[in-house]
Amino acid sequence: MAPGDEPKNNRAPRNRTLDVQEAEVSELRSKIQFFDRSIAPSFTDCVICGDAFKVIPELHEASFDVLFADPPYNLTKDFGSEKFRKTSLDSYEEWLDSWLAGCSKLLKTTASIYICGDWRSSSAIQRVGMKYFKLRNRITWEREKGRGSKTNWKNASEDIWFFTVSDEYTFNVDTVQLKRKVIAPYTENGAPKDWVRSDQGNFRLTHPSNLWTDLTVPFWSMPENTDHPTQKPEKLLAKIVLASSNENDLILDPFLGSGTTAVVAKKLNRRYVGIEADEKYCLLAQKRLSLAEKDKTIQGYSDGVFWERNTLSAQNSHAQVSKPTNPVSQPSLL
């Protein structure tokens, strides 16, 4: 909780939403780098509280392996003390270009870039991204949250544009396999073909596609949930971090929010630099990073694979009969 905020005493008993208590503020603030006070000439594994447009020019060029950016979409929305107002598509492209140009100088020639958007902002992201990088794919993920519309199709998806700086880049496909239930098991000479039979059911490991339907937007009963209005799931970042980086690689997030990118990087043994203008969210990010020192689990990621949504019983059973081999491999819900 930032100074001046009222404590949230009306949480339901089972509500696990993270917040920062007044007694925690001083210690958490001491771990944040405030750009307007001082900035080290070289830093890593840090949350920087400051304006991304001022911080980006101070970072070292050609030093980052991954850029993950979840910028404000072209919508009128408040992000704590920060506000973004909807503008024309041309103006939004100019705004994207104003920070992406600077970020492009910070990336290694082998770096990968992921930029989030919705259907309104997606075309602008594609056009601006292609000015600086090589376009690889567009990931669409199911964002199953919110009410429907009586006059239009419900907005239940978002995009993540995948670029690389060059044709030489990291993509660890075997680290992001999805474990799926086999609905119609096919056999060859009586033996399973490309799937495994077990007491918990029939499952197949599949290579990842650009359509992600196994994610859940954080909500009140999930321990990773915060009050940030556009928080991304840790599981989403885990897919990107595992696929496009190796241990000790350096990841940049210029719009860190409540810290998901930094938290996942820490859990997966990567380094990170996250920039966030709102001190309240920096404090939340720092609290989540402190918790990640003891708990490296990621919901939906178990035994080195990603599980389909709503497969808790299978994961729990699986965890009882096989020893996890991944440092973050624990049974989880989503």
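Below is a summary of the structure that appears in this document. Everything quoted here is computed from the prediction, not taken from an experiment.

**Some thoughts on the sheet that holds strand 3 (residues 64-69)**
- With mixed pairing, the nine strands of this open sheet are ordered in space as 1-2-16-15-3-6-8-7-14. In this open sheet, the two strands that pair with only one neighbour each are strand 1 (33-34) and strand 14 (211-212).
- Across eight bridges, the pairing between strand 7 (residues 134-142) and strand 8 (residues 157-164) is antiparallel. Following the sheet pairing, Thr140 is matched in strand 8 by Asp159.

**Brief notes about the pairing of strand 6 (residues 107-117)**
- Most of strand 6 sits inside the fold, with eight of its 11 residues counted as buried.
- Strand direction decides the pairing type here: strand 3 and strand 6, joined by five bridges, are parallel. What sits directly across from Ala69, in strand 6, is Ile115.
- Here strand 6 pairs with strand 8 via six bridges, running antiparallel. When the bridges of strand 8 are listed, Ser112 appears paired with Thr164.

**Quick notes on the sheet that holds strand 9 (residues 178-181)**
- If you walk across this open sheet you meet the five strands as 12-13-9-18-17, and the pairing is mixed. Looking at which strands have only one partner, the edges of the open sheet turn out to be strand 12 (196-198) and strand 17 (301-302).
- Where strand 12 and strand 13 (residues 201-206) come together, three bridges link them in antiparallel fashion. Note that in strand 13 the partner of Arg197 across the bridge is Asn202.
- The sheet strands contacting helix 5 (residues 234-244) are strand 17 and strand 18 (305-307), and the helix crosses strand 18 at an angle near 150°.

**Brief notes about the packing of helix 1 (residues 22-30) against helix 7 (residues 279-292)**
- Viewed as axis vectors pointing N to C, helix 1 and helix 7 meet at an angle of 85°, and their least axial separation amounts to 9 Å. By the angle between their axes, helix 1 is roughly perpendicular relative to helix 7. Between helix 1, through Glu24, Val25, Leu28 and Arg29, and helix 7, the contact on the second element is made entirely by Glu279, Leu283, Gln286, Lys287 and Ser290.
- The residue inventory of the contact of helix 1 with helix 7, partitioned by class, reads three nonpolar, two polar and four charged.

**A word on the pairing of strand 16 (residues 271-276)**
- Buried residues dominate strand 16, accounting for five of its six residues.
- Pairing of strand 2 (residues 46-49) with strand 16 involves four bridges; the strand directions are parallel. In the strand pairing of strand 16, Cys46 is matched with Val273.
- In terms of strand pairing, strand 15 (residues 250-253) meets strand 16 through four bridges, oriented parallel. Within strand 16, the position partnered with Ile251 by the bridge is Tyr272.
- Each parallel crossover has a hand, and the one from strand 15 via helix 6 (residues 260-267) to strand 16 is right-handed.

What counts, and where the lines are drawn
Residues numbered from 1 in each chain as written. Predicted model: local features only at pLDDT ≥ 70, side-chain atom pairs only at ≥ 80, totals over all residues. Heavy atoms only, no water. Pairing = 2+ DSSP bridges. Helix = DSSP H or I, 4+ residues; strand = E, 2+ residues; numbered from the N terminus. Buried < 20%, exposed > 50% of the residue type's maximum accessible area, 1.4 Å probe, protein only. Contact = heavy atoms within 4.5 Å. Axes fitted to C-alpha atoms, helices over the stretch in contact; angles between N-to-C directions. Parallel < 35°, antiparallel > 145°, perpendicular 65-115°, else oblique. Nonpolar A, V, L, I, M, F, W, Y, C, P; charged D, E, K, R; others polar. Right-handed = clockwise from strand over helix to strand, strands pointing away.

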